Amino acid sequence: MATYNGEQYLREQIDSILGQTYPIHELIINDDCSTDGTVDIVRRYMEEHPFIRLYVNECNVGYNENFRRGAMHATGDLVALSDQDDIWFPQKLERQVAAIDQSDICFSNTLDGETPEEAKMPYDRRYTLEALIWMNQVPGHTMLCRREFVQYAENWQGDEYYDKSLVLHALIGGSVTKVGEPLNFHRRLPWSATYMPVPAVTWQPYVYGWRAYRRWQSHPPYLSMHVYFYEKTTGTLHTTAHRMLGLMLRRDILSLLRLCLLCMKHRKDTYPMPPAKGIMGMVRGFFLPQIVAYGWQQREIYNKQRK
C-alpha cells in the first residue's frame, strides 16, 4: 500500500485487507512523507499485527515511485497493490490467487464512486495491447502480480503511470488475466492524484482534438513512452501495436491519417471501451487519436487549475 496524507479512510482500507478470506503473508505500507496522522494510524495497527511493515520515504517522491518502493520490499510470491482509501471485498485475494495461474498480472473489475452507496461498475475494461497504448484500462489498485515480475526494475517505465507501464510490459513479454466480477470499491475523490471530473463531451474532440493531438505528441512523457514501447515491440508478434506506435511518433499529416485508418480498422481491439456499432463505431474508431488527446488536454487543464 502506498500512502500519503490518507488518515481519513485508511482504517477502512486496512480493515478490509485484514478481513480477507485468503491468508496474508505481509502488509507493506510505504508512506510518502505524510504530514497528517497516517503514520501514527499504521503504527497502532502494527502493535496488534506484526506482519504489517512500515517504510517512510526520506523525501516526497510521488505516487509512482512510492508504489515502486513498496513493491520492492515484498517477500511473498504474489504481490497485490493497494490504494490507501479503497475498500477490498473479503474474497478479493482468494479470487485472484485462484485465477492468476502463470500470468504476470491478474486484475479485476471494480466499483467506482465517492461513496460505497453510489458506486457503480464502469464499462467492461478492454485490456488488449492496442487499447492500452491509448488509455490505461487496468488500474493498479486491482492488480495481483507475480513478485519476480513486479520487482523487475525495467517494468517500471518512469515517464508513464506505474500501472500502465506494468500491464504493457506484461502483455508484451508475458500474459494478463482478469476476474470479471468487481472485487473492490475504488473511492474517486476530488483530491486524488488521478481524479478528474467527467465533463459532457460530444463534438469537441472532433473539432479541437487535432490540435490537442499535436500538443500531446510534443509532451516529453508521450515521446519517451512511445519510443520505449515502439522499441519493445520491434520483432514481436504485436505487429498492429508496433505500427500504431511508429505512426504516433511521426508528425506529418499522412502518418496521422494512416493512424486514424488503422485505429478504425482494428477498433474492436483498439477502442478502450466497447465502441458503438455501425457508422458511429467507425467514426469513433477513426477519431480515436483526437478523442484521447482531447481527454489528455482536459486533464492537463484541470490539474493546473487545482494546483
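Residues numbered from 1 in each chain as written. Predicted model: local features only at pLDDT ≥ 70, side-chain atom pairs only at ≥ 80, totals over all residues. Heavy atoms only, no water.

*Asks:* Please explain the layout of surface pockets as it appears in this structure.
*Replies:* In this structure, the second largest pocket spans a volume of roughly 530 Å³. Surrounding the second largest pocket, 27 residues form its lining, Ile 24, Glu 26, Leu 78, Val 79 and Ala 80 being those nearest its centre. Among the elements of the structure, strand S2 (27-31), helix H3 (63-72), strand S4 (78-80) and helix H4 (92-100) are those that each provide at least two residues to the lining of the second largest pocket. Take the lining of the second largest pocket: its biggest share by element is four residues, from H3. (1 Å grid on protein atoms, 1.4 Å probe; cavity = no way out; pocket = protein on both sides within 12 Å on 5 of 7 lines; lining within 4 Å. Points joined across faces, edges and corners; volume = space filled by probe spheres on them. Helix = DSSP H or I, 4+ residues; strand = E, 2+ residues; numbered from the N terminus.)

*Asks:* Explanation requested: H3 in the structure shown.
*Replies:* Residue pairs three or four apart in sequence face the same way in an α-helix, which turns once every 3.6 residues. Every buried residue of H3 is listed here: Asn 66, Phe 67, Gly 70 and Ala 71. Down the axis of H3, the sector holding all buried residues measures 135 degrees, keeping them to one side. Tucked into the core, H3 has its buried residues touching strand S1 (2-3), S2, helix H6 (147-150) and helix H7 (162-173). (Buried < 20%, exposed > 50% of the residue type's maximum accessible area, 1.4 Å probe, protein only. Arc of directions from axis to C-beta. Contact = heavy atoms within 4.5 Å.)

*Asks:* What is the right way to look at the packing of helix H1 (residues 10-18) against helix H2 (residues 38-48) in this model?
*Replies:* Packed helix pairs are characterised by how far apart their axes lie and by the angle those axes make with each other. At a minimum axis separation of 11 Å, H1 and H2 run at an interaxial angle of 30 degrees. Classified by the angle their axes make, H1 and H2 are roughly parallel. At the point where H1 passes H2, the crossing takes the right-handed sense. Here Leu 10, Arg 11, Ile 14, Asp 15 and Leu 18 of H1 lie close against H2, whose contacting residues are Thr 38, Ile 41, Val 42, Arg 44 and Tyr 45. Within the contact of H1 with H2, the residues separate by chemical class into six nonpolar, one polar and three charged. (Axes fitted to C-alpha atoms, helices over the stretch in contact; angles between N-to-C directions. Parallel < 35°, antiparallel > 145°, perpendicular 65-115°, else oblique. Left-handed = near helix turned anticlockwise from the far one by under 90°. Nonpolar A, V, L, I, M, F, W, Y, C, P; charged D, E, K, R; others polar.)

*Asks:* It is not clear to me how the pairing of strand S8 (residues 176-187) should be interpreted in this structure. Could you clarify?
*Replies:* Remark: a regular strand shows side chains that alternate across the two faces of the sheet. Most of S8 sits out of view: nine of its 12 residues are buried. Bridge count between strand S5 (residues 87-88) and S8: two bridges; the pairing is antiparallel. Each residue of the ladder has a partner; that of Ile 87, found in S8, is Phe 185. For strand S6 (residues 105-113) and S8, the ladder comprises eight bridges, and the chain directions are parallel. Bridging from a neighbouring strand, Asn 109 pairs with Pro 182 of S8. (Pairing = 2+ DSSP bridges.)

*Asks:* What am I meant to see in the sheet that holds S2 here?
*Replies:* Each strand in a sheet pairs with its neighbour through backbone hydrogen bonds, running either in the same direction (parallel) or in the opposite one (antiparallel). An order of S1-S2-S3 is seen for the three strands of this open sheet, with the pairing classed as parallel. Two strands close off the open sheet at either side, each with one partner strand: S1 and strand S3 (52-56). Sheet topology note: the S1/S2 ladder contains two bridges and is parallel. Its bridge partner being in S2, Thr 3 is matched across the sheet by Asp 31. The strands touched by H3 are S1 and S2; relative to S2, the strand with the most contacts, the crossing angle is about 145 degrees.

*Asks:* Whenever I open this one, the sheet that holds S4 confuses me. Can you help?
*Replies:* Pairing is mixed in the open sheet, where five strands are placed in the order S4-S7-S6-S8-S5. Pairing within the sheet leaves two strands with one partner each, and these edge strands are S4 and S5. Pairing analysis gives two bridges linking S6 to strand S7 (residues 144-146), with the strands arranged antiparallel. Paired with Cys 106 across the two strands is Leu 144, which belongs to S7.

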